[in-house]
Amino acid sequence: AYEIASCLVGSEMCIRDRCKGTQLPAMTIPSFTVPFRGRQIKIAGDRTYADWTITVLNDTNFKLRNAFERWSNGINNATDGEGLTNPADYQVDAFVDQLDRNGATIKSYTLRGAFPTEIGQIELAYDQNDAIEEFGVTFAYQYFESNTTT
């Protein structure tokens, strides 16, 4: 089980309880080799963070979908290419908690400076009549902290 909490920029909408799924964030520390006295020594490189994706359950009023579209348009306006220039105006902290069977948090992450980079498609088909519409949202973020690394 999991819980996600984050409010969208330019909206009072929060993601909590409207996500079907996500994953805990990933990071990579690559290595590179440096020649030293006839052998190759491995040195740690710069840490990178993979994009984070959530699957959102749509509602009949498209409240979250519309909020994500407004947020994305604020970053880069579709009609004239203008947008917010100060990252503090479009980035938010997102919180992901992994829960045990009783709903208690067993691991928590804070994704610092998150913003949407992709708002996924919604499938429209007659054979989807007994399913709730859903769409993915991919976020870039600066870095994450967890309850065991801060």
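On a predicted model such as this, the values are computed, not experimentally measured, just so you know. (Residues numbered from 1 in each chain as written. Predicted model: local features only at pLDDT ≥ 70, side-chain atom pairs only at ≥ 80, totals over all residues. Heavy atoms only, no water.)

Visitor: Looking at this model, I keep getting lost on the overall build of the protein. Mind explaining?
Guide: For the protein, the helix and strand inventory stands at one helix and 11 strands. Secondary structure elements in the protein, listed N-terminal to C-terminal, are β-β-β-β-β-β-β-α-β-β-β-β. Looking at the 150 residues of the protein, the share that counts as buried comes to 29%. Sequence separation of at least 24 residues holds for 59% of the intrachain contacts in the protein that already meet a minimum separation of 6. Per element, the accessible surface of the protein, about 9800 Å² overall, is 47% carbon and sulfur. (Helix = DSSP H or I, 4+ residues; strand = E, 2+ residues; numbered from the N terminus. Buried < 20%, exposed > 50% of the residue type's maximum accessible area, 1.4 Å probe, protein only. Contact = heavy atoms within 4.5 Å. Areas by Shrake-Rupley, 256 points an atom, 1.4 Å probe, with all protein chains shown as cover.)

Visitor: Looking at this structure, how should I read unusual backbone geometry?
Guide: What you tend to see is this: most non-glycine residues have negative phi, and most peptide bonds are trans. The phi dihedral of Arg37 falls on the positive side, at around 50 degrees, and the residue is not glycine. As for its placement among the helices and strands, Arg37 is situated in the loop between strand S4 (31-36) and strand S5 (39-44). At Phe62, a position not held by glycine, the phi torsion is positive, near 60 degrees. For Phe62, the location among the structural elements is in the loop between strand S7 (52-57) and helix H1 (63-75).

Visitor: I keep staring at the side chain of Lys107 and nothing clicks. Help me out?
Guide: Inspection of the secondary structure puts Lys107 in strand S9 (residues 105-119). Polar side-chain contacts of Lys107 include one of 3.4 Å to the side chain of Ser146. Beyond its immediate chain neighbours, meaning those up to four positions away, Lys107 contacts Val96, Asp97, Gln98, Ser146, Asn147 and Thr148. (Polar contact = N/O pair within 3.5 Å; in protein donor to acceptor, adjacent residues only side chain to side chain.)

Visitor: Any chance you could explain a nonpolar patch on the surface here in plain terms?
Guide: Nonpolar side chains collect at one region of the surface, where Phe32, Val34 and Ile43 lie side by side and expose about 220 Å² of accessible area between them. Relative to the assigned elements, Ile43 resides in strand S5. (Patch = residues over 30% accessible without salt bridge, like charges linked within 9 Å, V, L, I, M, F, W, Y side chains within 5 Å. Salt bridge = Lys/Arg side-chain N within 4 Å of Asp/Glu carboxyl O.)

Visitor: In this structure, what is going on with H1? I would like to understand it.
Guide: Because an α-helix packs 3.6 residues into every turn, residues spaced three or four apart end up facing the same way. Taking 1.5 Å of rise per residue, the 13 residues of H1 would be expected to cover 18 Å, and the 19 Å separating its terminal C-alpha atoms lies within 8% of that figure. Among all positions in H1, only Leu64, Arg65, Ala67, Phe68 and Trp71 are buried. Viewed end-on, H1 has its buried residues packed into an arc of 165 degrees, placing them on one side of the element. Each element contacted by the buried residues of H1 is listed here: S7, strand S8 (92-99), S9 and strand S10 (134-140). (Expected span 1.5 Å × (residues − 1). Arc of directions from axis to C-beta.)

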